[in-house]
Amino acid sequence: MTRTTPPRPVDVTTLFPELGALRRTTTRLHPRPGAPTARDSSVGGPLLWPADEPWPVCTVAHKRSSGFRYAEVLREREILREAWQRDPRSGPTAEDREELIGFKRGRHAPHLTDTDPIPLLAVAQLYRRDVPGLPDTGEGDLLQVFWCGFERHGETRHEPLVHLRWRRSGDVTAPLSEQPSPEVVGRKELVPSPCVLHPEEVVEYPWFEELDPALQDRIAAWDGPDDEGDTYVSDLSTAPGWKVGGYIAWNLTGPARLTCSTCGTELTPLLTAAATEWDSSTTSWIPYEDEPDHHTRAASTPTHVSPGRGRLTITICPRDPRHPHRLVGQ
C-alpha cells in the first residue's frame, strides 16, 4: 500500500514568499511492519550482503557483556504482537507474561571483553530505484546502514556508532544467507523490527530557528501572540518520521553549524531515523492510509527504534561521501 501525506494546512509560500527559495524535497520512507527480502529497501530487514565479505563489527572499547539478549528482544516483540492481535483488549496471557518476565537485562555474555569485535546491527538498506532522494555518490545504487547495539561511543561515551556502506547491487551474485547479530545489546530500542518501506516525496522548509530573525517574527505574529512559530514547526516545516534528505528538526538543541571535518563543506542530511512516525503535535502529517488506525497500539512506532534522544540524523559531505559523516541527535 502506498502512503500519501495530506496537503499542508496552508501554502506557506503564499504567506511568506521568501520561503520558496528555501524549499527542499525529502523522501518520507514510511516504514511499516512486514517481511522484506534482501532485494527490497527496508528498515530492519535482511541486507544484500556478499557471502565472502566480512560483516562490519564494532571494535571500540566499551562494556559489551551486559544488556539484553538480542534473541529475547525479538521474541518479546513477537509475543506482544501476537497477543494484541489475538485479543486487542487484554493482550498477553498469563503464559505470555510468565515468559516475558524472564527477559531481563543482565550479564548475558560474560565471555566478551571490552574490545572483542561484535557484529553491528543492520538498520536499513535503501535502493536508489525506490528512494529518489538518495544522493548519487558514485559509490553504487544501494546504501546500507549499520550501528552498534551499544550507545557507548563518541566524546560523551553516550553516542551511537554508525557505519555506512554504499555498494552496487548488481555486483552481489552470491549473497549472505544468514546475517550476523550481536549476542547482547545495550538498549532494546536500538534493534529495528523488520519493516517494508513506502517512499513518498514531500516538500520541507527550514526549522523555525534557522530562518532570518525578521521572518521568524512575522511567522510568530501570524501564528498568534502566544506562539513562536508552533504551526510552522508542527505542520509546515519538517516532516516527522524516517526520511532521506530534507531539513533537520532542531527541537532540542537549536541549530548548529555542520561542516565537513575534512574539507569544510556544509554537511547535508542523508538519513533520519526517528522513534515515531507522528506524535500529538504532528498529526497533520499522518498519511491518509494510516488515518483509520492511527490510534491503535504501536501504529506510530513501527520500527521499535529510538536512537539516542529519539531522533538521529546522519549527515554527509555532499562534496565527497567518503569524508567522515556526522551524527545529530534530537
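Residues numbered from 1 in each chain as written. Predicted model: local features only at pLDDT ≥ 70, side-chain atom pairs only at ≥ 80, totals over all residues. Heavy atoms only, no water.

Colleague: What's the story with the overall build of the protein chain in this structure? I'm lost.
Modeller: Looking only at helices and strands, one finds five helices and 16 strands in the protein chain. For 330 residues, the compact-globule formula gives about 20 Å, and the C-alpha radius of gyration of the protein chain, at 21 Å, lands near that figure. With respect to the principal axes defined by its C-alpha atoms, the protein chain has extents near 60 × 55 × 40 Å. Taken across its 330 residues, the protein chain has 48% of its residues classed as buried. Contacts spanning at least 24 positions in sequence make up 79% of the contacts within the protein chain whose residues lie at least 6 apart. Side chains of the protein chain give 37 positive and 48 negative charges; the mean places of these two sets differ by 5 Å. (Helix = DSSP H or I, 4+ residues; strand = E, 2+ residues; numbered from the N terminus. Rg over C-alpha atoms; globule rule 2.2 N^0.38 Å. Buried < 20%, exposed > 50% of the residue type's maximum accessible area, 1.4 Å probe, protein only. Contact = heavy atoms within 4.5 Å. Lys, Arg positive; Asp, Glu negative; His and termini not counted. Charge placed at Lys NZ, Arg CZ, Asp CG, Glu CD.)

Colleague: For this particular structure, what's the right way to read the packing of aromatic side chains?
Modeller: Working definition: an aromatic ring pair is given by the centre-to-centre distance plus the angle between the planes. This model, assessed by the stated rule, comprises five aromatic pairs. Its guanidinium or amino end placed over the ring of W285, R8 lies 3.9 Å from that ring's centre, counting from NZ or CZ. A cation over an aromatic ring shows up here: R297 above the ring of W84, its NZ or CZ 3.6 Å from the ring centre. (Phe/Tyr/Trp six-rings, centres within 6.5 Å; stacked < 30°, edge-to-face > 60°. Lys NZ or Arg CZ within 6 Å of the ring centre and 35° of its normal.)

Colleague: I tried to follow the pairing of strand 1 (residues 24–28) on my own but got confused; where do I start?
Modeller: In regular strands, side chains alternate between the two faces of the sheet. Where strand 1 lies against strand 12 (residues 200–204), five bridges are found, and the strand directions are antiparallel. In the sheet register, T26 faces strand 12, and the bridge partner there is V202. (Pairing = 2+ DSSP bridges.)

Colleague: Can you help me understand the pattern of salt bridges in this one?
Modeller: A complete count under the given rule lists 18 salt bridges for this structure. Across the pair R218 and E18 runs a salt bridge whose closest N-O atoms are separated by 2.4 Å. Here R218, found in helix 4 (residues 213–223), pairs with E18, found in the loop between helix 1 (12–15) and strand 1; they are 200 residues apart in sequence, far enough to count as distant. Judged by its relative accessible area of 39%, R218 falls in the partly exposed class. Residues joined by salt bridges that share partners form a network here, namely R3, R32, E277 and D290. (Salt bridge = Lys/Arg side-chain N within 4 Å of Asp/Glu carboxyl O.)

Colleague: Can you help me understand the packing of helix 4 against helix 5 (residues 230–237) in this one?
Modeller: Helices that pack against each other are described as a pair by the angle of their axes relative to one another and the distance between those axes. It is the contact of helix 4 with helix 5, at a shortest axis distance of 8 Å, that shows an interaxial angle of 95°. In this view, helix 4 runs roughly perpendicular relative to helix 5, as classed from their interaxial angle. Side by side, helix 4 and helix 5 meet where I219, W222 and D223 of the first sit next to D230, T231, Y232 and L236 of the second. Among the residues forming the contact of helix 4 with helix 5, the class breakdown is four nonpolar, one polar and two charged. (Axes fitted to C-alpha atoms, helices over the stretch in contact; angles between N-to-C directions. Parallel < 35°, antiparallel > 145°, perpendicular 65-115°, else oblique. Nonpolar A, V, L, I, M, F, W, Y, C, P; charged D, E, K, R; others polar.)

Colleague: Would you explain the environment of R3 in this entry?
Modeller: Looking at where R3 falls in the secondary structure, it is placed in the segment before helix 1. Among residues more than four places away in sequence, those in contact with R3 are H30, R32, H198, E200, P287, E289 and D290. For R3, the side chain forms a polar contact with the side chain of D290, separated by 3.0 Å. (Polar contact = N/O pair within 3.5 Å; in protein donor to acceptor, adjacent residues only side chain to side chain.)

Colleague: Explain the sheet that holds strand 7 (residues 121–127) here, please?
Modeller: The pairing of strands in a sheet comes from backbone hydrogen bonds and takes either a parallel or an antiparallel form. Read across the sheet, six strands follow the order 2-11-3-7-8-9 without closing on themselves; strand pairing throughout is antiparallel. Strand pairing shows two members of the sheet lacking a second neighbour, strand 2 (32–33) and strand 9 (162–167), which therefore form its edges. Taken together, the six bridges between strand 8 (residues 142–147) and strand 9 define a ladder with antiparallel strand orientation. Bridge pairing in strand 9 links V145 to L164.

Colleague: Got a minute to help me understand the sheet that holds strand 13 (residues 243–245) in this structure?
Modeller: The six strands lie next to each other as 12-1-13-14-15-16, forming an open sheet whose pairing is antiparallel. Since the sheet does not close on itself, it has two edges, and those belong to strand 12 and strand 16 (326–329), each with one partner. Along the sheet, successive strands turn relative to each other by an average axial angle of 25°, direction set aside.

Colleague: Sorry if this is basic, but what is going on with the state of the cysteines here?
Modeller: Cysteine pairs can be covalently joined through their sulfur atoms, and such a bond is termed a disulfide. Inspection of every chain in the model, using the stated rule, returns zero disulfides. In this model C148 remains outside any disulfide bridge; the closest cysteine sulfur is found in C58, 3.8 Å from its own. (Disulfide = S-S within 2.5 Å.)

Colleague: How should I be thinking about the side chain of T272 in this particular structure?
Modeller: The residue T272 is located in strand 14 (residues 268–274) in this model. For T272, the side chain forms a polar contact with the side chain of T313, separated by 2.9 Å. Those residues in contact with T272 that lie beyond four places of it in its chain are G241, W242, K243, R311, L312 and T313.

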